[in-house]
Amino acid sequence: MAKKKSAKVWAARFAKATDPQAEAFTASIDVDRRLARYDIAGSIAHARMLAKQGIIPQEDGEAIVRGLEEIGEEIEAGRFEFSRELEDIHMNIEARLRQKIGPAADRLHTARSRNDQVATDLRLYLKDAITGVVASLRRLQGALLDLSEANRWVIMPGYTHLQRAQPLLFAHHLLAYFEMFDRDVGRFQDCLRRVDVLPLGAGALAGVSYRIDRRFVARELGFGRVSDNSLDAVSDRDCVVEFQAAAALTMMHVSRLAEELVLWSTAEFGFIQIDEAFVGGSSIMPQKRNPDVAELARAKTGRVYGNLMSILTVLKGLPLAYCLDLQEDKAGLFDSADTLLVTLAVVAAMLPGIRVDAERSQAAASESYTLATDVADYLVRQGLPFREAHGVVGQLVRYADERGKGLSELSVEEYRRFSPLFDEGVLKLDVRSVIEARDVPGGTSPRRVAAALKRARRRLESAGL
Ligand code: ARG
């Protein structure tokens with residue numbers, strides 16, 4: 001009995017049609033259709049090379065290129081019909097090409113496999129994704145910098161163990177995030193160097209038996225170099241892992257920022273108010289002002305971590321070279337890139353509307369014995385070894401705490417009960433003077449922070465922002 005004519009290019013080898021469940025299970029078109037643009041670019045470069053090398057007739061090469069360009073337009077315009085029976089984006093486009101230009105289409109897949117094809121598509125996608133992520137990171141850094149500059153002299157308590165520790169400039173605190181996102185940009189740019197390698201020409205796994213010109217294809221597609229080992233070229237997904245790892249780290253940073261915004265906007269802290277346009281209400285409690293955007297930004301980190309774990313697990317123990325397992329590289333990658341981009345953008349949009357309650361945060365910075373370190377440092381300047389000074393001030397804090405007083409409410413006589421080295425000068429310590437005293441590279445003194453703000457601005461300007 002003759003089987004129904006299949007749309008699959010490899011159907012000739014089989015007596016039976018593919019089981020519908022197997023077909024649905026293995027088809028990747030719902031995910032990899034996003035690679036269409038890159039697949040077409042890759043095929044155009046490949047066809048031009050084949051014609052230039054005399055591997056296919058010139059007219060066929062031209063017909064292929066024209067047909068592919070039209071297919072690109074059809075896809076852009078949403079006029080393309082994707083078919084599951086055709087498995088993936090590569091087969092969908094090739095089948096459409098055959099409909100459009102006839103038998104010349106059958107020459108396109110000369111000297112190529114879907115294995116080197118998909119690896120190429122993926123790298124083209126990653127290049128664009130990295131460019132987009134870096135631009136979004138720069139915009140977020142810009143928003144952080146604007147907020148820092150607008151509140152450059154606001155004082156807040158710095159924390160360790162989430163206990164008030166020492167006074168800080170609010171701008172100094174925000175610039176910590178600027179640094180994190182700067183390192184993130186560096187990681188994505190570093191990843192890009194290893195993405196920038198052309199796999200096409202590796203064939204299915206062993207290279208191809210035609211006189212192809214890989215450098216020409218690399219130039220056409222904008223790759224800096226061609227891969228050195230055909231097996232590695234088709235089975236390597238390191239750059240997907242690297243992108244996902246960089247995305248996970250970036251989201252971790254976003255989640256820490258988001259968490260602080262959530263904390264600071266509570267009645268308990270009350271340091272900031274998030275703009276109404278970026279909070280949510282409650283269906284039952286009419287008074288609520290929930291930091292929805294910050295909470296979700298914090299939470300979406302989880303799925304990006306999950307995607308990283310997923311690709312690492314897919315790759316673990318996988319034999320060379322291509323296995324269909326590798327098809328599972330895309331869904332998580334796209335999800336991480338989408339999640340990252342949308343999160344970076346919405347957090348950057350939320351920052352300009354943040355209002356800072358300078359009075360309240362400065363008041364908080366003055367409470368809870370945050371000057372204790374500086375009182376100890378005061379004694380050190382009078383000649384006491386730090387460890388001893390620490391002990392003296394520990395007793396002093398206990399004394400004040402038992403009386404419900406702050407250090408600034410004690411008299412010099414009370415100070416002197418703990419050490420004769422204390423004099424009037426100790427009463428001059430306040431949040432401002434201790435912040436000013438931290439005048440070391442990387443410190444929170446206004447002078448250092450002003451310079452840091454300038455440096456940050458220059459860094460963004462040199463990145464084109
Ligand atoms: N859809 C496949 C993927 O995403 C394309 C490569 C398929 N190769 C193969 N030999 N079945 O990885």
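Structure first, text after, so check above.
Residues numbered from 1 in each chain as written. Predicted model: local features only at pLDDT ≥ 70, side-chain atom pairs only at ≥ 80, totals over all residues. Heavy atoms only, no water.

**Re the overall build of the protein**
When its secondary structure is counted, the protein shows 19 helices and 6 strands. In summary, the protein has a C-alpha radius of gyration of 31 Å against a globular reference of 23 Å for 465 residues, an excess of more than 25%. Along the longest, intermediate and shortest principal axes, the C-alpha atoms of the protein span 105 × 50 × 40 Å. Looking at the 465 residues of the protein, the share that counts as buried comes to 49%. Residue pairs in contact within the protein that sit at least 24 positions apart in sequence constitute 75% of those at least 6 positions apart. (Helix = DSSP H or I, 4+ residues; strand = E, 2+ residues; numbered from the N terminus. Rg over C-alpha atoms; globule rule 2.2 N^0.38 Å. Buried < 20%, exposed > 50% of the residue type's maximum accessible area, 1.4 Å probe, protein only. Contact = heavy atoms within 4.5 Å.)

**Quick look at the packing of aromatic side chains**
This structure, assessed with the given rule, holds 11 aromatic pairs. Summarising the aromatic geometry, the rings of tyrosine 399 and phenylalanine 418 are spaced 5.3 Å apart at their centres and angled 65° between planes, so their arrangement reads as edge-to-face. In this pair, tyrosine 399 is assigned in helix α16 (residues 386-402) and phenylalanine 418 in the loop between α17 (412-416) and α18 (431-437), connecting sequence segments 19 residues apart. Through pairs of rings, three or more aromatic residues link up here, namely Tyr38, Tyr125 and Phe334. (Phe/Tyr/Trp six-rings, centres within 6.5 Å; stacked < 30°, edge-to-face > 60°.)

**As for the side chain of aspartate 236**
Residue placement: aspartate 236 occurs in the loop between α9 (230-235) and α10 (238-264). A polar contact is formed between the side chain of aspartate 236 and the side chain of arginine 123, at a distance of 2.8 Å. (Polar contact = N/O pair within 3.5 Å; in protein donor to acceptor, adjacent residues only side chain to side chain.)

**Remarks on the pattern of salt bridges**
One pass over the full model with this rule turns up 38 salt bridges. Aspartate 128 is paired through a salt bridge with arginine 37; the nearest N and O atoms lie 4.0 Å apart. In this pair, aspartate 128 sits in helix α6 (residues 114-150) while arginine 37 sits in helix α3 (residues 36-52), placing the two residues 91 residues apart along the sequence. Look at aspartate 128 and you get partly exposed, because its relative accessible area is 39%. For aspartate 190, the salt bridge goes to arginine 194, with nearest N and O atoms at 2.7 Å. Here arginine 194 and aspartate 190 lie together in helix α7 (residues 170-195), a separation of 4 residues that amounts to about one turn. Overall, the relative accessible area of 36% leaves arginine 194 in the partly exposed class. Here the residues in one salt-bridge network are Glu70, Glu74, Arg96 and Lys100, joined through shared partners. (Salt bridge = Lys/Arg side-chain N within 4 Å of Asp/Glu carboxyl O.)

**A closer look at the nonpolar core**
Counting residues in hydrophobic clusters, the biggest one holds 97 residues, and the most contacted among them are Tyr125, Phe188, Phe243, Leu261 and Trp264. No other element matches the 15 residues that α10 contributes to this core. When neighbours within four sequence positions are excluded, tyrosine 125 is seen to be in contact with Arg34, Leu35, Tyr38, Leu333, Phe334 and Ala337. The next biggest cluster of nonpolar side chains, apart from the first, holds 17 residues, and it includes Ala372, Val392, Leu410 and Val426. (Core = buried A, V, L, I, M, F, W, Y, C linked by side-chain atoms within 4.5 Å.)

**Here we look at unusual backbone geometry**
Cis geometry is found at the peptide bond from leucine 320 to alanine 321, where omega equals 0°. Residue placement: alanine 321 occurs in the loop between α12 (301-315) and α13 (329-350). Residues other than glycine seldom take positive phi values, yet alanine 111 does so here, at roughly 60°. As for its position among the elements, alanine 111 is in the loop between α5 (89-101) and α6.

**Observations concerning the site of the ligand**
Around the ligand, the neighbouring residues are Ser28, Asp32, Asp88, His90, Arg114, Asn115, Val118, Tyr322, Gln327 and Lys330. A distance of 2.4 Å separates an oxygen atom of the ligand from a polar atom in the side chain of tyrosine 322. With respect to the ligand, the side chain of glutamine 327 contributes an N or O atom lying 2.8 Å from a nitrogen atom. For the ligand, the accessible surface in isolation is 340 Å², of which the surrounding protein chains cover 85%. When residues of the shell around the ligand are assigned to their parent elements, the largest contribution, 3 residues, is made by α6. Taken together, the residues of the shell around the ligand sort by class into 2 nonpolar, 4 polar and 4 charged. (Near = heavy atom within 4 Å. Areas by Shrake-Rupley, 256 points an atom, 1.4 Å probe, with all protein chains shown as cover. Nonpolar A, V, L, I, M, F, W, Y, C, P; charged D, E, K, R; others polar.)

**Concerning the packing of helix α11 (residues 292-299) against α13**
Contact geometry of α11 with α13 gives a least axis separation of 10 Å together with a crossing angle of 150°. One element, α11, and the other, α13, form an angle in the roughly antiparallel class. Viewed along their axes, α11 and α13 form a crossing whose handedness is left-handed. Residues Val293, Ala294 and Ala297 of α11 form the contact with α13, whose participating residues are Thr343, Val346, Val347 and Met350. Residue classes in the contact of α11 with α13 are distributed as 6 nonpolar, 1 polar and no charged. (Axes fitted to C-alpha atoms, helices over the stretch in contact; angles between N-to-C directions. Parallel < 35°, antiparallel > 145°, perpendicular 65-115°, else oblique. Left-handed = near helix turned anticlockwise from the far one by under 90°.)

**Some remarks on the packing of α12 against α13**
Between α12 and α13, the least distance of the axes is 9 Å, while the angle of their chain directions is 155°. Relative to α13, the element α12 lies roughly antiparallel. Between α12 and α13 the crossing geometry is left-handed. Residue-level contacts link Arg303, Val304, Asn307 and Ile311 of α12 to Asp329, Gly332, Asp335, Ser336 and Thr339 of α13. Across the contact of α12 with α13, the residue classes tally to 2 nonpolar, 4 polar and 3 charged.

**Notes on helix α14 (residues 358-366)**
The complete set of buried residues in α14 reads Ser361, Ala364 and Ala365. The arc that holds every buried residue of α14, seen down its axis, measures 100°, which confines them to one face. Where α14 is buried, its residues touch β1 (155-160), β2 (163-169) and α18. (Arc of directions from axis to C-beta.)

**Here we look at a nonpolar patch on the surface**
Residues Val9, Trp10 and Phe14 make up a contiguous nonpolar surface patch of about 260 Å² in total accessible area. Relative to the helices and strands, valine 9 is located in the segment before α1 (20-26). (Patch = residues over 30% accessible without salt bridge, like charges linked within 9 Å, V, L, I, M, F, W, Y side chains within 5 Å.)

**Re the side chain of glutamine 141**
For glutamine 141, the position within the fold is in helix α6. For glutamine 141, the side chain forms a polar contact with the side chain of arginine 138, separated by 2.7 Å. Sequence-distant contacts of glutamine 141, that is, excluding residues within four places in its chain, are made with Phe178, Phe181, Asp182, Val185 and Leu460.

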